[in-house]
Structure formats: structure tokens, C-alpha cells
Amino acid sequence: MTIRLKKQVIEIFKILQEKDKKIIASELAEDLDIDYIVLMSAINDLIDKSLGNFEEREIFQVSLTEEGQDYLENGLPERQLIELLLKEDRKEIDLEEFLEKSHLEKSLFYIGISNLKKNRWIAQSKASGENKLFLIAEEFPITKLEEFLDKFKKQPKLNVEDLSKQDLKQIDVLNKRKLINKTQKTQRIIYLTEKGKKIDVNEIEELEQVSKITSEMLTSEKWKKVELKPFDVTKPGPLLKAGKIHPIINLINEIREVFLSMGFTEIRGPIVESAFFNFDALFQPQDHPARELQDTFYLNNPKEAKLPERKLINAVKNTHENGGDSGSIGWRYKWEEKVAKQTVLRTHTTATTVRRLAQYYYENGKKPIKVFSVDRVFRNERVDKSHLAEFTQIEGIVIDDNVNLCDLIGLLSEFYQKLGFSKIVTRPGFFPYTEPSMEVSVYFDKLGEWLEMGGSGIFRPEVTYPFGIKEPTRVLAWGQGLERIAMLYYNRNDIRDFYVNPIKWLRHQSYLK
Ligand code: PHE
């Protein structure tokens with residue numbers, strides 16, 4: 001069977017065959033100028049093919065301490081002292097004077113003196129109160145210790161195993177003088193097996209490694225000869241940047257599901273709306289502050305909206321002026337059709353549900369009606385982290401006999417529960433078109449806070465009567481902010497993120513919802 005190895009492994013194999021002996025892995029790596037890891041992985045490939053192997057051994061090494069290094073460069077203290085005497089051509093010297101001239105630290109000076117004495121190079125005299133040193137030798141040859149120290153010039157680390165008995169004695173001396181460090185490490189010795197020694201390198205084929213198989217490789221059958229690089233499954237894969245559904249759309253779809261599961265039907269209405277449906281039909285008087293420019297975007301084109309049939313217009317007009325047949329006394333002013341014809345970007349989707357009331361008028365009391373809409377609305381707002389000029393409302397109405405506030409609270413509770421918010425609270429509120437009116441807040445666990453979500457209530461007779469919806473039939477209505485829910489849902493604290501679209505955040509959204 002042919003043996004296949006990577007090119008680099010073959011190179012290393014050749015070298016091992018040439019050297020024909022056990023080799024220290026770290027030294028070979030240095031010689032070949034390759035990474036130790038690369039070398040060992042090559043050896044592993046050889047082990048796989050039973051061509052090579054390695055063994056481990058503990059080795060003890062010695063190196064110089066900082067002080068030892070200093071002496072290697074400048075000489076041992078005893079050498080420095082003797083040089084000084086020779087330079088000054090002195091045969092004798094006072095101890096104190098010598099210390100001063102030597103510029104050595106006191107302790108080192110005395111170590112030097114004591115070694116000079118040991119070498120029998122100097123003698124000390126303390127006779128008649130003096131303390132003098134005399135040269136007593138003629139020559140001062142390199143000592144065995146100095147000879148040994150010199151070895152560190154070539155090799156900063158010496159293997160204890162390679163040292164002679166003599167050397168070991170010097171190690172002892174250096175050790176006592178605290179001039180060496182001893183270290184221990186594991187060395188790997190690599191070698192070829194019998195099989196590896198015998199095999200002819202030319203019999204080994206070069207193995208090509210590829211990271212993927214191409215169609216070309218398949219047709220040429222080259223794939224049989226190549227090796228697929230293994231995958232490291234712990235490495236993170238590249239980030240997929242495929243298109244995905246925007247988080248807001250995901251949420252809208254989920255809300256749709258919730259309403260559909262509760263038996264509601266979706267309705268949609270125009271974005272460009274008449275003031276009639278946006279305001280008048282909701283019993284908002286024509287001088288109501290909400291209608292003003294600072295809140296509402298009026299349009300020049302189209303300048304005028306089409307109104308519904310005359311009968312409905314008149315019913316709304318009468319309600320505003322005198323209450324019509326609703327039992328109310330109305331707002332008591334002169335209602336102008338011209339004002340109702342103004343075009344606006346709808347400020348709430350209640351305009352859309354009121355359109356549904358108008359449609360009801362023609363349906364001859366078909367009941368019940370449960371509709372919802374999730375759609376864009378526009379307000380002349382200053383944009384900041386919690387306000388948008390363009391946002392989305394979740395709107396709904398239920399038209400049925402004798403539905404009441406409890407039904408409304410129940411509906412809203414169920415809706416929020418299905419979205420994952422288990423606690424809601426309602427408080428009295430005010431809207432010109434509902435009575436009673438309620439503000440809805442949900443409890444947000446993560447913040448431990450109640451957050452206001454929007455309004456709701458039962459449409460006033462002034463709203464329902466013009467469209468023929470009269471006692472006992474009632475209309476429950478609500479309008480909630482979608483982006484508010486989105487902030488909680490996606491844990492964003494800047495509402496603008498949904499439209500500014502921070503790319504980093506979007507990339508980390510899931511593909512499936
Ligand atoms: N239209 C109201 C708003 O925009 C919400 C609302 C809808 C209130 C229906 C009561 C009934 O805030």
C-alpha cells in the first residue's frame with residue numbers, strides 16, 4: 001500500500017533518515033526554523049503510518065542568576081580585585097583603602113578577598129594594629145571556576161546530563177555562591193521506527209490537502225488522492241448575512257396571530273384620511289386642539305377628501321351641532337363640511353375602525369363584529385428616544401349587543417397575556433369619543449415597572465348613533481402603541497432603533513420567529 005504524506009512531513013522524514021539518530025525535537029525545530037507545534041504534528045503523521053515515534057525525558061538545566069550574569073561579563077569579584085592591584089602595580093594595600101578603590105559593595109568585596117585567600121594569591125596581616133593585604137603569588141591564571149563560567153557565554157543553559165564530574169563540582173561552587181538557577185523540563189526525542197529507517201523516501205507519495213472538493217476533482221477522480229482538511233467544530237462559523245424579516249414585521253405578524261386566534265378579522269384603511277373620519281366622526285369638535293397643525297399633518301395634495309353619503313354626513317353634522325338622536329346636546333356650534341373635507345395623514349387608526357362603523361350602517365345589524373388593524377399613523381411630534389412622528393397602532397373594535405367594560409378588560413388581558421405580558425392594569429382615562437374611557441398599562445417583569453400602552457373605552461352614542469348603532473348594541477374600542485411593546489419585546493431602550501435600524505442589532509436577530 002502506498003504511503004501518502006504531506007509535503008512538509010516528507011521533508012522532515014528525509015532529514016530524520018539522513019541524521020539517522022535520535023533527535024531533540026526542540027533543537028530540530030530551531031535548526032529547520034519551523035514551529036515546534038508544526039514539527040510535532042508532522043511527527044504525529046509519521047506515528048500514524050508507524051514510521052516514527054518520540055519519547056519524553058526529563059532534563060535538568062542550569063543557567064546563571066542575574067549576579068552570575070554580571071560576573072560573566074565583568075569577572076568574579078576576586079578577579080576584579082586582583083586586576084585592580086595589578087593595574088596599580090601594588091604588592092601590598094591597606095584593607096580599607098582597597099575596599100574604597102574597588103567600588104565594590106562591602107559584602108562582594110569580602111567574598112572576593114576570601115576567594116583570593118583561598119586561591120593563595122594574597123595574605124592578610126593584622127600585626128601591630130594594621131590590616132594589610134599582600135600579594136603572595138606571581139601568576140594569577142584562569143581558575144577552574146572561571147573556565148566553567150565561560151561556558152555560559154556560548155550556551156545560556158547547560159544540560160546537567162552533559163556535564164563532567166569536574167563541571168559538577170563547579171556547579172556546586174556556583175550554587176553555594178547563589179550564582180545559578182536550576183530548572184527542569186520535559187524534552188521530546190524523536191526517531192524513526194525500523195520501518196521508517198528502511199523505507200525508501202521515493203516510495204512515499206505526496207499527499208495534497210484541500211479544504212473543499214470541486215466538481216473538477218470529482219470528474220478527474222483526483223478527489224480520491226486528496227485529503228480533506230478536518231473541520232474545527234469549535235471555531236465560530238462566518239456570520240450569515242442573509243435577508244430576514246424585520247423585528248417589527250415579526251412582531252406585527254405575531255400580533256396578527258393573536259387576534260386571529262381570538263376570532264378577529266383584520267381590516268385596513270387609508271393612510272391619507274379625511275378629517276371627517278379622523279376627527280368628525282369621532283365627535284371631536286372642529287375647534288378641538290388635537291386638530292391643530294402642531295399635532296396633525298395636513299395635506300395639500302389631495303386637497304379634499306371624498307366624504308361618505310349625505311345621510312351619514314348629516315348625521316355627524318347634527319350630532320356635533322345638537323346631539324342628533326344620540327340623546328346628547330352636541331357641541332353647539334356650526335359644523336362645516338369644508339373642514340371635514342380636509343386631508344390628513346391619519347393620526348390614529350381609530351379612523352380606520354370608524355370607517356368600519358360606517359360600513360356597518362349598510363349591513364343591517366349583522367352581529368357580532370370583531371375587527372383589528374395594525375397600521376402606521378403620523379403625528380407632528382418631536383422625535384426622541386421615546387417618541388416617533390411615524391409609528392404603529394394596534395387598533396380593534398367589537399360590535400355586539402350589551403358588551404361591557406368587563407368584556408373589554410377581559411379582551412385586553414387575553415391579548416397581552418398571549419403576547420407574554422401576564423399582568424395588566426386599567427385606569428380611568430379620557431378620550432372625546434369613548435365613555436367610559438380607560439388607560440391600559442402592562443407590567444414589565446424585567447424592569448419591575450408598569451408601562452402605559454394606550455387607550456380604550458366604549459364608543460359614545462355620539463359616535464355610534466350616526467351610523468345606526470344604537471342601544472342595546474355597543475362598540476368596545478382600543479388603540480395601543482406597537483413600538484412600545486416592541487421596546488419591551490426586543491429589549492431596546494431607544495424607540496428610534498426600529499427605524500434607524502442599527503445593523504449590528506439586526507444581524508443578531510433570529511431568522512425564524
Ligand atoms: N385613538 C387613541 C390614541 O391614539 C386610542 C384609543 C382608541 C382610545 C380607541 C380609545 C378608544 O391614543
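Here the structure is shown first, and the text comes after it.
Parameters at a glance
- Residues numbered from 1 in each chain as written.
- Predicted model: local features only at pLDDT ≥ 70, side-chain atom pairs only at ≥ 80, totals over all residues.
- Heavy atoms only, no water.
- Phe/Tyr/Trp six-rings, centres within 6.5 Å; stacked < 30°, edge-to-face > 60°.
- Lys NZ or Arg CZ within 6 Å of the ring centre and 35° of its normal.
- Near = heavy atom within 4 Å.
- Polar contact = N/O pair within 3.5 Å; in protein donor to acceptor, adjacent residues only side chain to side chain.
- Helix = DSSP H or I, 4+ residues; strand = E, 2+ residues; numbered from the N terminus.
- Nonpolar A, V, L, I, M, F, W, Y, C, P; charged D, E, K, R; others polar.
- Pairing = 2+ DSSP bridges.
- Axes fitted to C-alpha atoms, helices over the stretch in contact; angles between N-to-C directions.
- Contact = heavy atoms within 4.5 Å.
- Core = buried A, V, L, I, M, F, W, Y, C linked by side-chain atoms within 4.5 Å.
- Buried < 20%, exposed > 50% of the residue type's maximum accessible area, 1.4 Å probe, protein only.
- Salt bridge = Lys/Arg side-chain N within 4 Å of Asp/Glu carboxyl O.
- Expected span 1.5 Å × (residues − 1).

Would you mind showing me how to read the packing of aromatic side chains here?
Two measures describe an aromatic ring pair: the distance that separates the ring centres and the angle between the ring planes. For the structure shown, the criterion picks out 21 aromatic pairs. Taken together through their ring pairs, the aromatic side chains of F259, F264, F372, F415, Y416, F421 and W478 make up a single cluster. Above the face of the Y511 ring, K244 is positioned so that its terminal group lies 4.4 Å from the ring centre.

Would you take a moment to explain the site of the ligand for this structure?
The environment of the ligand is made up of 13 residues, and the closest members are H348, T350, R379, Q393 and Y433. The side chain of T350 places a nitrogen or oxygen atom 2.9 Å from a nitrogen atom of the ligand. The separation between an oxygen atom of the ligand and a polar side-chain atom of Q393 is 2.9 Å. Contributing elements (two or more residues each) for the shell around the ligand: β16 (390–401), β19 (449–459) and β20 (473–481). The element best represented in the shell around the ligand is β20, accounting for 3 residues. Taken together, the residues of the shell around the ligand break down into 4 nonpolar, 7 polar and 2 charged.

Would you mind going over the sheet that holds strand β4 (residues 92–94) with me for this structure?
Within a beta sheet, neighbouring strands are joined by backbone hydrogen bonds and run either parallel or antiparallel to one another. Spatially, the 3 strands line up as an open sheet ordered β4-β6-β5, and their pairing is antiparallel. Single-partner strands in this sheet number two, and they are β4 and β5 (122–125). Between one strand axis and the next, the sheet turns by 25° as a mean value, whatever way the strands run. Here β4 pairs with strand β6 (residues 132–135) via 3 bridges, running antiparallel. The residue bridging D94 from the neighbouring strand is K132, located in β6. Where helix α6 (residues 95–102) meets the sheet, it contacts β4, β5 and β6, and its direction lies at approximately 90° from that of β4.

Teacher, can you tell me more about the nonpolar core here?
What tends to happen in soluble globular proteins is that the nonpolar side chains get buried as a cluster. Among the nonpolar cores identified, the biggest contains 43 residues, and I255, F415 and Y416 are the most heavily contacted of them. Beyond its immediate sequence surroundings of up to four residues, Y416 is in contact with F421, I424, V440, V442, M453, Q480 and I485. Residues L282, A358, F459 and V475 belong to the second largest nonpolar core, which totals 27 residues.

Would you explain the sheet that holds β20 in this entry?
Across the sheet, which stays open at both edges, the 7 strands sit in the order β12-β15-β16-β20-β19-β18-β17 with mixed pairing between neighbours. Either end of the sheet is taken by a strand with one partner, and the two such strands are β12 (265–266) and β17 (424–428). Sheet topology places β17 next to strand β18 (residues 434–444); 5 bridges connect them, and they run antiparallel. If you follow I424 over to β18, its bridge partner there is V442. Along the sheet, helix α12 (residues 247–261) contacts β12, β15 (369–378), β16 and β20; its crossing angle with β15, the most-contacted strand, is approximately 165°.

Would you take a moment to explain the pattern of salt bridges for this structure?
Once their charged atoms are close, side chains differing in charge can pair, the charge on each being opposite to the other. Applying the stated rule across the entire model yields 34 salt bridges. E337 is the salt-bridge partner of K341, the closest N and O atoms lying 3.9 Å from each other. The class for K341 is partly exposed, based on a relative accessible area of 24%. One network of salt bridges, with partners in common, ties together E88, R90, E97 and K101.

Please explain helix α3 (residues 36–48) as it appears in this structure.
Structurally, the α-helix is built with 3.6 residues per turn, so residues lying three or four positions apart point the same way. With 13 residues, α3 should cover 18 Å at 1.5 Å per step; its first-to-last C-alpha distance of 18 Å lies within 8% of that length. Of all the residues in α3, the buried ones are L39, M40, A42, I43, D45 and L46. Phi turns positive one or two residues past the end of α3, at S50, with a value near 55°.

Honestly, the environment of K446 in this entry has me stumped. Any pointers?
One can find K446 in the loop between β18 and β19. Residues K446 and L488, 42 residues apart in the sequence, show an inter-C-alpha distance of 8.7 Å.

Help me understand unusual backbone geometry in this model?
Cis geometry is found at the peptide bond from K367 to P368, where omega equals -15°. Cis geometry is adopted by the peptide bond preceding P436, which originates at E435 and carries an omega value of -5°. Mapping P436 onto the fold places it in strand β18. Of note in the backbone geometry, D20 takes a positive phi value of approximately 55° without being a glycine. Of note, D20 is situated in the loop between α1 (7–19) and β2 (23–24). A residue is classified by how much of its surface remains accessible, and D20, at 52% relative accessible area, is exposed. For R332, which is not a glycine, the phi torsion comes out positive at approximately 60°. Here R332 is to be found in the loop between α14 (310–322) and α15 (337–340).

Sorry if this is basic, but what is going on with the side chain of T464 here?
With respect to the element layout, T464 can be found in helix α18 (residues 461–464). If we ignore the near neighbours within four places in the chain, the residues touching T464 are F459, I469 and V475.

Would you take a moment to explain the pairing of β15 for this structure?
Here is the key point about a regular strand: its side chains alternate between the two faces of the sheet. Among the 10 residues in β15, 8 count as buried, and that is most of the element. In this structure, β12 lies alongside β15, joined through 2 bridges in parallel fashion. Within β15, the residue paired with T265 across the bridge is V371. For β15 and β16, the ladder comprises 10 bridges, and the chain directions are antiparallel. The partner of R376 across the bridge, within β16, is T392.

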